[in-house]
Amino acid sequence: MRKLEIIVKPEKLEAVKEILEECEANGVMISNIMGYGNQKGYTKMYRGTKYNVNLLPKVKVETVIPKEMAKTIIDKIVSEINTGNYGDGKIFVYDVEDAVRIRTGEHGQEAL
Amino acid sequence: MRKLEIIVKPEKLEAVKEILEECEANGVMISNIMGYGNQKGYTKMYRGTKYNVNLLPKVKVETVIPKEMAKTIIDKIVSEINTGNYGDGKIFVYDVEDAVRIRTGEHGQEAL
Amino acid sequence: MRKLEIIVKPEKLEAVKEILEECEANGVMISNIMGYGNQKGYTKMYRGTKYNVNLLPKVKVETVIPKEMAKTIIDKIVSEINTGNYGDGKIFVYDVEDAVRIRTGEHGQEAL
Ligand SMILES: Nc1ncnc2c1ncn2[C@@H]1O[C@H](COP(=O)(O)OP(=O)(O)OP(=O)(O)O)[C@@H](O)[C@H]1O
Ligand SMILES: Nc1ncnc2c1ncn2[C@@H]1O[C@H](COP(=O)(O)OP(=O)(O)OP(=O)(O)O)[C@@H](O)[C@H]1O
Ligand SMILES: Nc1ncnc2c1ncn2[C@@H]1O[C@H](COP(=O)(O)OP(=O)(O)OP(=O)(O)O)[C@@H](O)[C@H]1O
Ligand SMILES: [Mg+2]
Ligand SMILES: [Mg+2]
Ligand SMILES: [Mg+2]
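Since the structure is predicted, the reported quantities are computational estimates derived from the model, not experimental observations.

### Here's the deal with the relation of the copies chain C and chain A
Overlay of chain C on chain A (RMSD 0.1 Å): rotation 120°, translation along the axis 0.0 Å. The superposition of one copy onto the other is thereby described by a three-fold rotation axis. For chain C, the residue whose C-alpha comes nearest the rotation axis is C:Asp95, separated from it by 4.6 Å. Take the interface residues of chain C: only 4% of them recur as interface residues in chain A, which is what a contact between different surfaces looks like.

### Focus on the interface of chain C and chain A
Chain C puts 27 residues into the contact, and the matching count from chain A is 30 residues. Together, the buried faces of chain C and chain A total about 2300 Å²; carbon and sulfur atoms form 57% of this surface. At the boundary of chain C with chain A, the tally comes to three salt bridges. Here A:Arg2 and C:Glu97 are joined by a salt bridge, their closest N and O atoms 3.6 Å apart. Put simply, chain C and chain A have 15 residue pairs in polar contact (both at pLDDT 80 or more) between them. Residue assignment for the side of chain C that touches chain A shows that the elements contributing at least two residues are helix H1 (13–22), strand E2 (28–36), strand E5 (56–65) and strand E7 (98–101) of chain C. Broken down by class, the residue content of the side of chain C that touches chain A amounts to eleven nonpolar, six polar and ten charged.

### Some words on the site of ligand 1
Taken together, 22 residues lie near ligand 1, and A:Asn38, A:Gly87, A:Gly89, A:Lys90 and C:Arg103 sit nearest. Each of chains A and C places residues near ligand 1. Within the contact set of ligand 1, an oxygen atom lies 2.8 Å away from a backbone nitrogen or oxygen of C:Val28. Those elements that place two or more of their residues in the shell around ligand 1 are strand E2 (28–36) and strand E6 (90–95) of chain A together with E2 and E5 of chain C. Residues that form the shell around ligand 1 fall into these classes: eight nonpolar, eight polar and six charged.

Rules behind the numbers
- Residues numbered from 1 in each chain as written.
- Chains lettered and ligands numbered in written order.
- Predicted model: local features only at pLDDT ≥ 70, side-chain atom pairs only at ≥ 80, totals over all residues.
- Heavy atoms only, no water.
- Least-squares fit on C-alpha atoms with pLDDT ≥ 70 in both.
- Contact = heavy atoms within 4.5 Å.
- Buried area = accessible area lost by both parts, 1.4 Å probe.
- Salt bridge = Lys/Arg side-chain N within 4 Å of Asp/Glu carboxyl O.
- Polar contact = N/O pair within 3.5 Å; in protein donor to acceptor, adjacent residues only side chain to side chain.
- Helix = DSSP H or I, 4+ residues; strand = E, 2+ residues; numbered from the N terminus.
- Nonpolar A, V, L, I, M, F, W, Y, C, P; charged D, E, K, R; others polar.
- Near = heavy atom within 4 Å.

Below is the structure:
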């Protein structure tokens, strides 16, 4: 199994959720984070003054899926979420040793 | 070492913490998330109207433990948290490469 | 690639961010969590009454980096964040299978 950790702008949350549902990912964990990527924040104008915005609000969507679903989901996110602008987001992929459904005690892919 | 990522209903947080203390897990990280599992949310009645609740508030409890403690903790959570109803929660298990205690600079299991 | 998960007191966030920038880590995800470590909380006095504080607010800083940068960053955090007091914090290290930049579709270290 794999965990995809998908970090996007908050306004992209609905689009990511739709992609995950279309791809039949079975569950998600969503949290609000603050972050920066390669641009390390940027400069903003507010009432005539420039100031540095170092941390931006982002949404983190995590989903645990069978290994063979990862490529399809990643490719679909890249093609549908990509605007060509900085800050479109990142996907990190991790290995998952086991999953357990508490209701039934099932382990592994059965538990997804 | 292993990380257990335990996702349960907020009202189960105290029970999970108690199990972890009984099992002598040495630490926890707790965060509030929103999520859905296999049922992808459900339908709720509010003032006579049905509407779809897609994301539910959940609590995520993470604990990093020696590998050989994982089974005991998982089994205890399954047997004590399980109500037989949908939405009892999930446990995901990850491998942990290293742990470091910042106060002492210790690495590995000594640092747990 | 590796993920460092750095848990510190909220007042240490700026110091951790500075270390990560000096070490040229390319991005961070920051979240607020509640936690306890080995001391399982502690006893506090409030208006003459002792009570147990079991969960303390902490900040979690996650950064995904090339494997060979991990040691430098960890050593710098240990030497600069360490006060010698309990609760200085923890670093957990995980393997990362892949990283993807959504804007470009790049994979792997190129995407960091
Ligand atoms: N190396 C990293 N480690 C941890 N989190 C990261 C990393 N890179 C990006 N992130 C997270 O992803 C969010 C979005 O990053 P972003 O899309 O700006 O990536 P980027 O590499 O800068 O790509 P781009 O050049 O297209 O902006 C960041 O705000 C941060 O929370
Ligand atoms: N595959 C998954 N990936 C990521 N998070 C998940 C996944 N499955 C469940 N979760 C998280 O766990 C929470 C609880 O899930 P839940 O107990 O409903 O799992 P389930 O598989 O639907 O089991 P049940 O059929 O017993 O309800 C969800 O709200 C979600 O945050
Ligand atoms: N084994 C663990 N699993 C998960 N989270 C942990 C673990 N140990 C510590 N943490 C997290 O790190 C935070 C800081 O821990 P802390 O610095 O108190 O570690 P410690 O092992 O008790 O070291 P010290 O003895 O120096 O206090 C905790 O509040 C908790 O959120
Ligand atoms: Mg960027
Ligand atoms: Mg469910
Ligand atoms: Mg401690």
